[in-house]
Amino acid sequence: MTEETSRGDIESTKEKEWTAADFSQLPEHAQLEKNWTWFQNQKIGVLLHWGLYAQAGIVESWELSDADRWARQPKAWRPNMTQLKQDYWGLAQQFAPTHYDPAAWAAVFKNAGIRYAIFTTKHHDGFNMYHTQYSDYHADADLFGAFAQAMTQAGIGVGAYYSKADWHHPDYWRPDGTPKNRGIDFDRHQDPERWQRYVTFVHHQLTELAANYGPLRMLWLDAGWVGDAREPLALNQIIPALWQKQPQMLAVDRTMGGRFEQYVTPERQVPDIQNRPVLPWESNIPLANNWGYTPGDTYKSIGEIIRTILQVVTLGGNIVLGVGPKPDGTLPAPASRLLHQLGGWLALNGQGIYNTRPVAAAAIAAARRQGYAITQDDRAYYLFPLASVPPQTLDLHALHLPDTQPIVTRLGWQGQPFPVKAQHVVRLPGSLRQSLHPGLRIAKV
């Protein structure tokens, strides 16, 4: 069983996915079209899962939920749930990221070619990584505030992750020692005042995030079990008000469908060509096995990361790469190393990644048969080998690309165009085949 399939936190879409036509009659449609264009041009983001779970070195928050046994396998953090919860809540007294330097993070992300960064302001455990007036359970410093300022100064778009669940809030989970599943521990119909207090709390916190942290590019709402008929949050009342403050902010009520899931977030997967989301979308792929920091975690190779980026971008999606900072506020060395390698690759090949759009499905399939991923913009087509060692030849004719000139050059390379033989066959030089997924540019007329 793979790590992805053994996890119990992966949410799937619960409602019918809206189309662009469904959004076309809404008052925010004109601004949404601009926001979608911006988003689809960025292509590569990073998602920072950081909180008390990093202090414990365990999977993000999930061990607190009695029902989520998968998170306590193969060995629970503590021998029983009473001690586990008591010790976990107490981690707030130990969490002291004395080496947190968001400007240093921003430099790493900028050099890596990251265009937007999403920060976990609050995960399901309810520990706030920003200063909120509505909870005493927060970090000593305004960690998100410093992050937002550093990213904005670096020209990186800022996103706020926020869990709609709050397992520390007494109007969500009573601190009564009884076992809990991931949802509320009461029937809201039997205690509507308690539920309304919680809804008001969420609205206040979302208002804080929209009002106090400069321009936000996305509000990334997690906890896909919150918002259905059992736990409705009246987002139709709060999110339009947030847009008055943040018109450029995309709402991402992930897996919920409808008006407030303005782009789709396949988790730990790349959609296949026949089942791509109809809306703008973003594959969420952690660099390691876990989203948050766990000591000794296994990281992906740079080749695997680049291949995944190519698969996603070919299909017209974005990719957000998960990084779990350490409890002291530094980025793990393996994550920093991978981001440095990614930046080197994008410095040469980014022209075929950023601001691109997918070609026709038939051309995507034809390129894959030759071992390539393909993208386009209004000036050129771009092909990237999916194997580390490129094929020896490239048959342009077989791709059935309209409006092409038989001029093929390597991205980031100042040499002469590669010669095109009969039937538009390009023979690639041996030096090219020794490179890691080198991009090729084919000019349009």
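All values derive from a computational prediction rather than experimental measurement.

What counts, and where the lines are drawn
- The numbers attached to residues start from 1 for each chain and follow its sequence in the written order.
- The model is predicted, so local features are restricted to residues of pLDDT at least 70 and side-chain atom pairs to those at 80 or more, both for listing and for counting; the totals for chains, interfaces and linings are taken over all residues.
- Note that water and hydrogens are dropped before the side-chain values are worked out from all heavy atoms of the structure.
- Points on a 1 Å grid, built from protein atoms alone, make a cavity when a 1.4 Å probe fits but cannot get out and make a pocket when they are open with protein on both sides within 12 Å along at least 5 of 7 lines; residues with an atom within 4 Å of a point are the lining residues.
- Grid points are joined across faces, edges and corners, and a volume is the space filled by probe spheres set on the points.
- Polarity classes work like this: nonpolar for Ala, Val, Leu, Ile, Met, Phe, Trp, Tyr, Cys and Pro, charged for Asp, Glu, Lys and Arg, and polar for all others, with Gly in that last group.
- Secondary structure elements follow DSSP: runs of H or I no shorter than four residues count as helices, runs of E no shorter than two count as strands, and numbering proceeds from the N terminus.
- Throughout, exposure labels follow a simple rule: accessible area from a 1.4 Å probe, protein chains only, divided by the maximum for the residue type, with under 20% read as buried, over 50% as exposed, and the rest as partly exposed.
- Charged-residue counts in this description rest on Lys and Arg as positive and Asp and Glu as negative, His and the chain ends being excluded.
- The working definition used for a salt bridge is a side-chain nitrogen of Lys or Arg within 4 Å of a carboxyl oxygen of Asp or Glu.
- The definition of a polar contact used here is a pair of N or O atoms within 3.5 Å, where within protein one atom must be able to donate a hydrogen and the other to accept one, and adjacent residues in sequence count solely through side-chain atom pairs.
- In this analysis, two residues are considered to be in contact whenever any of their non-hydrogen atoms come within 4.5 Å of each other.
- Here the rule is simple: two strands pair whenever DSSP picks up at least two bridges between them.
- For helices, the fitted axis covers only the stretch in contact; all axes are lines through C-alpha atoms, and the angles between them, taken along N-to-C directions, range from 0 to 180 degrees.
- Centres within 6.5 Å make a pair out of two Phe, Tyr or Trp rings, where for Trp the six-membered ring is used; the pair is then stacked when the planes are under 30 degrees apart, edge-to-face when over 60, and tilted otherwise.
- For a ring to carry a charge above it, either NZ of a lysine or CZ of an arginine must fall within 6 Å of the ring centroid while also lying within 35 degrees of the normal to the ring plane.
- In this analysis, the expected span of each helix is defined as 1.5 Å times one less than the number of residues it contains.
- The directions considered for the arc run from the helix axis to the C-beta atoms.

**Student:** Talk me through the layout of surface pockets; I want residue IDs and the actual numbers.
**Tutor:** Volume-wise, the largest pocket comes out at about 380 Å³. What lines the largest pocket is a set of 18 residues, among which V59, A71, Q73, P74 and N290 lie closest to the centre. Of the residues belonging to the lining of the largest pocket, the class tally is 6 nonpolar, 6 polar and 6 charged. Size it by volume and the second largest pocket reaches roughly 330 Å³. Taken together, 17 residues line the second largest pocket, and the ones lying closest to its centre are K85, W89, P175, D176 and G177.

**Student:** Kindly report on the side chain of E261, identifying the contributing residues and their values.
**Tutor:** As for its placement among the helices and strands, E261 is situated in the loop between β5 (250-253) and β6 (282-286). One buried charge, E261, has no salt-bridge partner; the nearest side chain with opposite charge is R254, at 6.5 Å. Within polar-contact distance, the side chain of E261 engages the backbone nitrogen of G257 at 2.5 Å. If we ignore the near neighbours within four places in the chain, the residues touching E261 are F23, A251, V252, D253, R254, T255, M256 and L279.

**Student:** Just give me the short version of the sheet that holds strand β8 (residues 372-376), but keep the residues and values in it.
**Tutor:** Through backbone hydrogen bonds, the strands of a sheet pair up, either in parallel or in antiparallel fashion. The strand order across the open sheet built from 4 strands is β8-β9-β13-β11, with neighbouring strands paired in antiparallel fashion. Each having just a single partner strand, β8 and β11 (404-410) make up the two edges of the open sheet. Direction aside, neighbouring strands of the sheet carry axes that sit 25° apart on average. In terms of strand pairing, β11 meets strand β13 (residues 440-444) through 4 bridges, oriented antiparallel. From the neighbouring strand, T404 faces β13, where its bridge partner is K444. Across the sheet, helix α10 (residues 302-314) is in contact with β8 and β9 (380-385); its angle to β8 comes to roughly 45°.

**Student:** A description of empty space enclosed by the protein should follow, citing residues and the corresponding values.
**Tutor:** Taken as a whole, this structure holds 3 cavities of 30 Å³ or more when the rule is applied. The volume enclosed by the largest cavity comes to roughly 150 Å³. What lines the largest cavity is a set of 18 residues, among which D9, H49, D222, R254 and E267 lie closest to the centre. Across the lining of the largest cavity, the residue classes tally to 7 nonpolar, 5 polar and 6 charged. Here the second largest cavity defines a volume of roughly 70 Å³.

**Student:** So, the packing of aromatic side chains: which residues are in play, and what are the values?
**Tutor:** Following the criterion strictly, the structure yields 34 aromatic pairs and no others. Here the aromatic rings of W50 and Y100 are separated by 4.9 Å at their centres, their planes lie at 50°, and the arrangement is tilted. Here Y100 lies in the loop between α5 (81-90) and α6 (102-112) and W50 lies in the loop between β1 (44-48) and α4 (52-56), a separation of 50 residues in the sequence. For Y100, a relative accessible area of 15% translates into the label buried. When the ring centre of W225 is taken as origin, the NZ or CZ atom of R182, which lies over that ring, is 5.1 Å away.

**Student:** Give me the pairing of β9: which residues, what numbers.
**Tutor:** Most of β9 is tucked away: 6 of the 6 residues are buried. Both faces of β9 are covered, namely the face carrying A380, Y382 and F384 and the face carrying Y381, L383 and P385. The turn joining β8 and β9, which pair antiparallel and follow one another in sequence, is formed by 3 residues. Across 4 bridges, β9 lies against β13 in antiparallel orientation. Along β13, the bridge assignment pairs Y381 with I442.

**Student:** Any chance you could break down helix α3 (residues 29-42) for me, citing the residues and the numbers?
**Tutor:** The terminal C-alpha atoms of α3, which comprises 14 residues, lie 20 Å apart, in line with the 20 Å expected from a rise of 1.5 Å per residue. Those residues of α3 that fall on the buried side of the exposure criterion are H29, L32, N35, W36, W38, F39, N41 and Q42. Positive phi shows up at K43, right after α3, with a value of about 70°.

**Student:** Pulling in residues and values, what's your account of unusual backbone geometry?
**Tutor:** The phi torsion of most residues other than glycine is negative, and most of the peptide bonds are trans. P74 follows Q73 through a cis peptide bond whose omega is 0°. Positionally, P74 belongs in the loop between α4 and α5. The phi dihedral of H400 is positive, around 55°, even though this residue is not glycine. Position of H400 relative to the elements: it lies in the loop between β10 (393-395) and β11. Residue H400 is classed as exposed on the basis of its relative accessible area of 64%.

**Student:** A description of the pattern of salt bridges should follow, citing residues and the corresponding values.
**Tutor:** Following the criterion strictly, the structure yields 19 salt bridges and no others. The residue D185 makes a salt bridge to R194 at a minimum N-O spacing of 3.0 Å. Within the structure, one salt-bridge network assembled from shared partners comprises D171, D176, K180, D185, R194 and R197.

**Student:** Break down α5 for me, citing the residues and quoting the values.
**Tutor:** Among the residues of α5, M81, L84, K85 and Y88 are the ones counted as buried. For α5, the buried positions fall inside an angular range of 90° around the axis, keeping them on one side. In this structure, α5 carries T82 and Q86 as exposed residues pointing more than 90 degrees from its buried face. Among the structural elements, α4 are those in contact with the buried residues of α5.

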